[in-house]
Amino acid sequence: MNIDRNSTIADVYADPLGRDIIEKLLLQTGISAFWIRNPLVFRLRLKYFGWFFGKDFVDSLVELMNNSPDAPPVLDGPTPVTWWKRAVFYQVYPRSFADSNDDGIGDLPGILEKLPYLEDLGIDCVWLSPIFASPNKDMGYDISDYRSIMTEMGTVDDLRRLIAACHERGMRIILDLVANHTSDEHPWFQDALANPEGEHGDYYFLRDGDAETLPNNWTSFFSGPAWRRIGDKWVLHLFTPEQLDLNWQNPAVRREVADIVKFWLAEGIDGFRLDVINYISKREGLPNGNAIVGKLLGFTGIEHYFHGPHLHEYLAELRREGFTRSGVEPGQEAVGADASPVMIGETPGAGVEVGRLLTSPQRSEMDLIFSFDHLETSGHVRWDDYAYDLNFLKRYYIDYQSRLSSDDWMSLFFENHDNPRMISKVNPDPRFRTQLGKTLATILLTMRGTPFIFQGQEIGAINQAFPDETALRDVESLNILKAEGPGAWKKVLAGSRDHARVPMRWNRSENWGFTKGTPWIKAYDDSVGYSVAAQEHNPDSVLRYYRDLIQLRHSHPALSMGSIRFIDQKVKNYFAWFREQDGERWFIEVNLSGRPLRRRNRELPLTIVVGTTKERSAVMEPYEALVCKVS
């Protein structure tokens, strides 16, 4: 469909990118979809929105949508089976997982020592956050050498030993690749500065201009303008001033990234998670962002790169040139030698429809994406101090799953290295910590999709009571405090990434068994019973519950590859669904609240296999969760 200024809101909503944009704006503002979907608004023409947003916004929207591909067809057939659809992934934040040499920083040998723990948990694939050489202005997400290992993490030989040990256990391993930007210490950038007209001069966005006039009004995700002045040049950085954006329009940059992927695949890596990969295509000319959109979304200019004009072209090329092992038959599934190593994208701003575009097997781009629209309820952002309503999560999953084709797939996660702990967001009352941890595990491990566990989630990790800013290490949080002053402390405490980055709690010894040295960041949760040692032999613990669920998921393909059907969708605080495959049926039900709830569907012939209680009484306990076999 061709979109122009005379197109209606209904026309925009019928387009995959257009629908995602509308739903993102609704989510950010907290406005009900009713106000968009009603016939009166649906008939409004785009040009009238120029009165509020400005003509440039309408023109940008029209250009965005006309550069976007059509939605892939919705298929209704068998779901193709791949290893990563049946797998359970585990994200390791290496700096905080296990320290083998007691320098206070986690490392690769430490991860190697803990592999038996991950194997016992039932993990199929280990994902490591950045381990490449870096000056650590953003904890490894500023890479200075893609083919070397960060000194404090170990060596290339350490990584080779870790890869081999994973493969010996039948586990795969993937790495984080940050390819939207590099560190300012990367040799490419150093050469670009020294010789702007040379080989690497066009690897980045270097712009001439006087020192007082910024090239455009884009803002950084880490506060302030997205431009840094170096000598007589302006340089684009969407994140810290030391993280400089690569110019993917340059074919040489795309070849470099594909070569990096192939380099590590040759070492046996099974794929990559690609950091903010949907930001790689910027609109030509880098035009100013719309001020109203910037105010609504919090970042000015984002409409010019969150779904850039060449995004799909670049990803398809990277799949073809980087994520394809030569000499391996397509469809071969072998640990360390897959024909198409898994390609997972972090895609902030992408919704269901763009997710389908990015991951449809018919388009040969990525396999999975991380979309973040479920991490905050409508009208909220990560920095808001509020109670997360799990009914929002229920509606999100019902909507998302209902729009997937039989060959579509989604990633399942609540936590990662960039977000606070979900238990604390939902209900910080310590009485519910274990029960709520199990409820979240039930949703994560029985939903249709690929589950990702973030370290510590499996033992019920919660947010930290950081005393003041000296306890923080997160550059994003520190920048907010610097820009807004002490009054922003409550905001930072609600959303700091450091909540997820404190050391893993292995036992009750000093520093939780993470290190005998001084940890790079201190943990402030001193609760009893929430360490690996305290939980691994406790049959009622969160850890044992995760192990039981993962084992059940592995033993019964219906819980991973089976169809999903939700029931009682309108009933508040009650979330229930069936999983079915080849005649095997499972029923899962959850109380989403911290209050007792009347039991529904008591007439079903069910046998409880895993759950937070042993019988289906007339009343569900607070945060009760059951996984039942249908007789």
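Rules behind the numbers
Residues numbered from 1 in each chain as written. Predicted model: local features only at pLDDT ≥ 70, side-chain atom pairs only at ≥ 80, totals over all residues. Heavy atoms only, no water. UniProt positions renumbered as here; feature names shortened; annotations may be inferred. Salt bridge = Lys/Arg side-chain N within 4 Å of Asp/Glu carboxyl O. Helix = DSSP H or I, 4+ residues; strand = E, 2+ residues; numbered from the N terminus. Buried < 20%, exposed > 50% of the residue type's maximum accessible area, 1.4 Å probe, protein only. Polar contact = N/O pair within 3.5 Å; in protein donor to acceptor, adjacent residues only side chain to side chain. Contact = heavy atoms within 4.5 Å. Arc of directions from axis to C-beta. Pairing = 2+ DSSP bridges. Axes fitted to C-alpha atoms, helices over the stretch in contact; angles between N-to-C directions. Patch = residues over 30% accessible without salt bridge, like charges linked within 9 Å, V, L, I, M, F, W, Y side chains within 5 Å. Areas by Shrake-Rupley, 256 points an atom, 1.4 Å probe, with all protein chains shown as cover. Right-handed = clockwise from strand over helix to strand, strands pointing away. Phe/Tyr/Trp six-rings, centres within 6.5 Å; stacked < 30°, edge-to-face > 60°. Lys NZ or Arg CZ within 6 Å of the ring centre and 35° of its normal.

- Per an unreviewed UniProt entry, the protein goes by Alpha-glucosidase and derives from Arachnia rubra.
- Looking at the Sequence similarities (unreviewed entry) heading of the UniProt record, one finds this comment for the protein: "Belongs to the glycosyl hydrolase 13 family."

Some thoughts on the pattern of salt bridges
Alright, step 1. The final tally for this structure, using the stated rule, is 46 salt bridges.
Alright, step 2. One salt bridge in this structure joins Asp259 and Lys262, with 3.6 Å as the shortest N-O distance. One end of the pair, Asp259, and the other, Lys262, are both in helix H12 (residues 251-265), 3 residues apart, so they sit about a helical turn from each other.
Alright, step 3. Exposure remark for Asp259: the relative accessible area of 35% places this residue in the partly exposed category.
Alright, step 4. Overall, the relative accessible area of 39% leaves Lys262 in the partly exposed class.
Alright, step 5. Three or more residues joined by partner-sharing salt bridges are found here, namely Asp138, Arg382, Asp418, Asp474, Glu476, Arg497 and Arg501.

Let's talk about the side chain of Ser541
Alright, step 1. Within the secondary structure, Ser541 sits in the loop between helix H21 (532-535) and helix H22 (542-555).
Alright, step 2. For Ser541, a relative accessible area of 4% gives the class buried.
Alright, step 3. Engagement of the side chain of Ser541 in a polar contact is seen with the backbone oxygen of Gln535, the distance being 2.8 Å.
Alright, step 4. Within the structure, Ser541 has its side chain in polar contact with the backbone oxygen of Asn538 (distance 2.9 Å).
Alright, step 5. Not counting chain neighbours up to four residues away, the residues in contact with Ser541 comprise Lys438 and Gln535.

With respect to helix H11 (residues 187-194)
Alright, step 1. Buried within H11 we find Trp188, Phe189 and Ala192. The arc enclosing the buried residues of H11, seen along the axis, measures out at 90 degrees, which places them on a common side.

Digging into the sheet that holds strand E20 (residues 606-611)
Alright, step 1. Taken in spatial order, the 5 strands of this open sheet run E16-E17-E18-E22-E20, and their pairing is antiparallel. The open sheet has two edge strands with one neighbour each: strand E16 (563-567) and E20. Between one strand and the next, the sheet's axes are offset by a mean angle of 25 degrees, whatever the strand orientation.
Alright, step 2. In the sheet, strand E17 (residues 574-581) pairs with strand E18 (residues 584-591) via 8 bridges, with the strands oriented antiparallel. Within E18, the position partnered with Glu580 by the bridge is Arg585.
Alright, step 3. This element, H22, spans E18, E20 and strand E22 (625-630) of the sheet and lies at about 130 degrees to E20.

Details of helix H15 (residues 352-359)
Alright, step 1. With respect to burial, H15 is a largely interior element, 8 of its 8 residues being buried.
Alright, step 2. For H15, the set of buried residues is Val352, Glu353, Val354, Gly355, Arg356, Leu357, Leu358 and Thr359.

A look at the environment of Ile149
Alright, step 1. Checked against the element boundaries, Ile149 lands in strand E4 (residues 145-149).
Alright, step 2. Owing to a relative accessible area of 9%, Ile149 belongs among the buried residues under this scheme.
Alright, step 3. Remark: the alpha-carbon pair of Ile149 and Ala133, spanning 16 residues in sequence, is separated by 4.9 Å.
Alright, step 4. If we skip the residues at most four places from it in the chain, Ile149 touches Leu108, Ile131, Phe132, Ala133, Gly154, Thr155, Val156, Leu159 and Trp264.

Concerning a nonpolar patch on the surface
Alright, step 1. Taken together, the side chains of Ile31, Phe34 and Trp35 make up a nonpolar region of the molecular surface, amounting to roughly 360 Å² of accessible area.
Alright, step 2. Its location among the elements puts Ile31 in the loop between helix H2 (16-29) and helix H3 (34-37).
Alright, step 3. For Ile31, a relative accessible area of 43% corresponds to the partly exposed category.

Details of the pairing of strand E5 (residues 172-177)
Alright, step 1. The buried fraction of E5 is high, at 6 of 6 residues.
Alright, step 2. The pairing of strand E2 (residues 125-128) with E5 spans 4 bridges and is classified as parallel. Residue pairing for E5: Trp127 is matched across the bridge by Ile174.
Alright, step 3. In this sheet, strand E11 (residues 271-274) lies alongside E5 in parallel orientation, the contact comprising 3 bridges. Looking across to E11, one finds that Asp176 is bridged to Arg273.

Regarding the sheet that holds strand E7 (residues 206-207)
Alright, step 1. Pairing in this open sheet of 3 strands is antiparallel, and the strands run E7-E9-E8 from one edge to the other. With partners counted over all chains shown, the strands left at the sheet margins are E7 and strand E8 (227-230), one partner each.
Alright, step 2. In the sheet, E8 pairs with strand E9 (residues 233-236) via 4 bridges, with the strands oriented antiparallel. In the sheet register, Trp227 faces E9, and the bridge partner there is Leu236.

Some words on the environment of Ile230
Alright, step 1. Tracing the backbone shows Ile230 in strand E8.
Alright, step 2. Put simply, Ile230 and Trp512 are 282 residues apart on the chain and 43 Å apart in space, counted from C-alpha to C-alpha.
Alright, step 3. Beyond its immediate chain neighbours, meaning those up to four positions away, Ile230 contacts Phe189, Leu193 and Val235.

Structural notes on unusual backbone geometry
Alright, step 1. Positive phi, normally seen in glycine, also occurs at Asp102, with a value near 60 degrees.
Alright, step 2. Tracing the backbone through its elements, the reader meets Asp102 in the loop between strand E1 (89-92) and helix H8 (108-113).

Concerning the pairing of strand E12 (residues 342-346)
Alright, step 1. Most of E12 sits out of view: 5 of its 5 residues are buried.
Alright, step 2. Of the two faces of E12, the one holding Val342, Ile344 and Glu346 and the one holding Met343 and Gly345 are both buried throughout.
Alright, step 3. Both E11 and E12 contribute to a ladder of 4 bridges, which runs parallel. Residue pairing for E12: Phe272 is matched across the bridge by Met343.
Alright, step 4. Note: E12 against strand E13 (residues 368-370), 3 bridges, orientation parallel. Paired with Glu346 across the two strands is Phe370, which belongs to E13.
Alright, step 5. Of the crossover connections in this fold, the one passing from E12 over H15 to the parallel E13 is right-handed.

Details of the UniProt feature "domain: Glycosyl hydrolase family 13 catalytic" (unreviewed entry) in the protein
Alright, step 1. Residues annotated by UniProt as "domain: Glycosyl hydrolase family 13 catalytic" (unreviewed entry) correspond here to residues 91-501.
Alright, step 2. With 30% helix and 13% strand, the stretch residues 91-501 has end C-alpha atoms that lie 12 Å from each other.

Things to note about the packing of aromatic side chains
Alright, step 1. If you walk through the whole model with that rule in mind, you get 37 aromatic pairs.
Alright, step 2. When the ring of Phe221 is compared with that of Tyr305, the centres are 6.4 Å apart and the planes differ by 75 degrees; the resulting orientation is edge-to-face. Of this pair, Phe221 sits in the loop between E7 and E8 while Tyr305 sits in the loop between helix H13 (291-297) and helix H14 (311-321), placing them 84 residues apart in sequence. Neither Phe221 nor Tyr305 differs from the other in exposure class; each is buried.
Alright, step 3. Measuring from centroid to centroid gives 6.2 Å for Tyr388 and Phe392, while their planes differ by 85 degrees, and the two rings are edge-to-face. The pair formed by Tyr388 and Phe392 is uniform in burial state, with each residue classed as buried.
Alright, step 4. What links up through ring pairs into an aromatic cluster is the set Trp83, Phe89, Trp127, Phe370, Phe372, Phe413 and Phe452.
Alright, step 5. In this arrangement the basic side chain of Arg95 is found over the ring face of Trp520, its NZ or CZ atom lying 5.4 Å from the centre.

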